[in-house]
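The residues making up each chain are set out below.
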Amino acid sequence: MSETLTEIYTRLAGEGRLTTDPAQLAVLPEFERIRRALEDQPARRGGLRGLFRRGAQAPKGIYLWGGVGRGKSMLMDLFFASVDIEAKRRVHFHAFMQEVQAGLNEARKTGVDDTILPVAKAISDRIRLLCFDEMQITDIADAMIVGRLFQQLFEAGVTVVTTSNREPDALYENGLNRGIFLPFIALLKARMVVWELASPTDYRQDMLAGTPAYFTPANAEARAAITALWHDMTAGTAVETLVLRIKGREVVIPAFANGVARARFYDLCAQPLGPADYLALAEAVRVLILEDIPRLSSENYNEARRFVTLIDALYEAKVRLIASAAALPEKLYIEGEGTFEFERTASRLREMQSEGWGA
C-alpha cells in the first residue's frame, strides 16, 4: 500500500523539506479521503449513463482557505502529485476562467442555445479531479457563469479542490449584482468541505525575513540571488504562464507558481497597460518579482508613469515586491518631468522592503 499523505508529509518534514505545522497536519486526512475515493473509483463508462454513475460516486472536494503564506498551495500540490489517476488537472483559477470564457465565445459561434453545456462537457469528459489555486472572483463576467458551470461539473462527477485567501461568504464581496453570485457560494458549501487553514505562521514572510528584497545593480549576481529566492518560494511547484485578460487587454506574466509571479520591467511597464490591469495583477499574486528596472527619465516617461501606477497597486494590495534595478529607489528617477511625484514611489519602494511589510 502506498504512503498516506500524512506519512508523506512526515517524511518530507524529517528530510527538512518542510516544517511540521499542526494546522497543516489536521487537514491531511481530508485530502487522503479524496485521494483514496478517486483511486478506488471504477473506470468511467461511456455515454450519458456513465456520466451519471460517475457523478454519483464522485468524492466531495475541499475548499481550503486561510491567510497568505500558510501553506495552502503546498498542501494542494502534495495532494495532487500523490493522486494516482491520469484524469486530473491543476490550474490557477484566473487562467481557468480565461479558458472558460474563450470556450464560451467559441460555443456562441456554433449557435448553441446554452453555451455553458458544451464547455462543461469538454472539461468533464477529460477531468475527474480539478485543482485550483487562488480562487477569487473579481470580474462580473466570471461571477455570472461560475454557478451554472460548477453545477454542471459537479453533476458530471468532477471533484474540485481549491485554495483561496477568502472564505466562501467573502467571495466577490461588494461585487456588482452580487445577488446573482450567491447561489454559487451555496453550491460550494453544499458540494465541498470548507476548511480554514488557521495556522498562525506566515511561512512566506518567514522565508523572506532578513532577506534582501531590492537588488542593485541589476547584474548577474542580482539575477542569481533572485533565482534562488524564486526556487525557495515556488518549492518545486509547476511553473506556468499567467495571462490576465482585462477589458480586451492582456497582462502576461511569463512565470507564475505558488502565488509568486516573476516578470521583467519590460513585460509590465513597456506595454500599453493601465490601472485596471495592475489592480488585476495585484489581486492575482501575493509576491511579484520584478527584474531589470532601468533608470527612469523623460526619455522613458510613459514607462515611468506605468511603473508608478504598478507600485501603487502593489502597495495598496500589500503584495510583496522583490526587485532588481539599475539604482537605489531614490536614484531611479533623478531628472525630467515627474521627478517630484516619483519621490512618493521611492518612499513606497523603501517601505515595501521593510521587515514584516505586507504581513
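These figures come from a predicted structure and were not determined experimentally.

So, how was this worked out
Residues numbered from 1 in each chain as written. Predicted model: local features only at pLDDT ≥ 70, side-chain atom pairs only at ≥ 80, totals over all residues. Heavy atoms only, no water. Buried < 20%, exposed > 50% of the residue type's maximum accessible area, 1.4 Å probe, protein only. Helix = DSSP H or I, 4+ residues; strand = E, 2+ residues; numbered from the N terminus. Pairing = 2+ DSSP bridges. Contact = heavy atoms within 4.5 Å. Expected span 1.5 Å × (residues − 1). Salt bridge = Lys/Arg side-chain N within 4 Å of Asp/Glu carboxyl O. Phe/Tyr/Trp six-rings, centres within 6.5 Å; stacked < 30°, edge-to-face > 60°. Lys NZ or Arg CZ within 6 Å of the ring centre and 35° of its normal.

A.B. asks: Can you tell me about the pairing of strand S4 (residues 159–164), naming the residues and giving the values?
C.D. replies: Burial analysis of S4 places six of its six residues in the buried class, which makes it a mostly covered element. On S4, burial covers both faces: Thr159, Val161 and Thr163 on one face and Val160, Thr162 and Ser164 on the other are all buried. Here four bridges tie strand S1 (residues 61–65) to S4, and the two strands are oriented parallel to one another. Residue pairing in the sheet places leucine 64 in a bridge with threonine 163 of S4. Looking at chain direction, strand S3 (residues 129–133) and S4 are connected through four bridges and run parallel. Bridge pairing links leucine 130 to valine 160 in S4.

A.B. asks: I'd like a description of the environment of phenylalanine 31, backed by residues and values.
C.D. replies: By secondary structure assignment, the location of phenylalanine 31 is in helix H2 (residues 22–40). According to the relative accessible area criterion, phenylalanine 31 is buried, its value standing at 1%. Sequence separation of phenylalanine 31 and leucine 78 is 47 residues, and the distance between their C-alpha atoms is 9.5 Å. Non-local contacts of phenylalanine 31, meaning those with residues more than four positions away in its chain, are made with Leu5, Ile62, Leu64, Leu75, Phe79 and Val161.

A.B. asks: Describe helix H5 (residues 93–109), and please don't skip the residues or the numbers.
C.D. replies: Between the first and last C-alpha of H5 there are 25 Å, a value that for 17 residues agrees with the 24 Å anticipated at 1.5 Å per step. Of the residues making up H5, those classed as buried are Phe93, His94, Ala95, Phe96, Met97, Gln98, Val100, Leu104 and Ala107. The inward-facing, buried residues of H5 abut strand S2 (88–92), helix H6 (116–124), S3, helix H7 (140–155), strand S7 (240–246) and helix H12 (275–284). Phi turns positive, to about 80 degrees, at glycine 111, one or two residues after H5.

A.B. asks: Give a detailed account of the pattern of salt bridges, specifying residues and quantitative values.
C.D. replies: In the structure shown here, the tally under the stated rule is 23 salt bridges. Linking arginine 90 and aspartate 77 is a salt bridge whose minimum nitrogen-to-oxygen distance equals 2.4 Å. Of this pair, arginine 90 sits in strand S2 while aspartate 77 sits in helix H4 (residues 72–82), placing them 13 residues apart in sequence. Comparing arginine 90 with aspartate 77 shows no difference in burial state: the two are buried. Overlapping salt bridges, with partners in common, bring together Glu3, Arg11, Glu15 and Arg17 in one network.

A.B. asks: Run through the packing of aromatic side chains, naming residues and quoting values.
C.D. replies: Summed over the entire model, instances satisfying the criterion amount to eleven aromatic pairs. Seen in terms of ring centroids, phenylalanine 265 and phenylalanine 307 are 5.9 Å apart; in terms of plane orientation they differ by 50 degrees. Their pairing is tilted. Here phenylalanine 307 lies in helix H13 (residues 301–316) and phenylalanine 265 lies in helix H11 (residues 265–269), a separation of 42 residues in the sequence. Ring centres 5.4 Å apart and planes at 40 degrees place the aromatic pair tyrosine 333 and phenylalanine 342 in the tilted group. Judged by relative accessible area, which is 5%, tyrosine 333 ranks as buried. On the basis of relative accessible area, phenylalanine 342 is assigned to the buried category, the value being 3%. Members of the aromatic cluster, joined through ring pairs, are Phe93, Phe96, Phe132, Phe150, Phe154, Tyr172, Phe181 and Phe184. Its end group placed over the ring of phenylalanine 80, lysine 88 keeps NZ or CZ at 4.6 Å from the ring centre. Note that lysine 318 overlies the ring of tyrosine 315, its terminal NZ or CZ placed 5.8 Å from the centroid.

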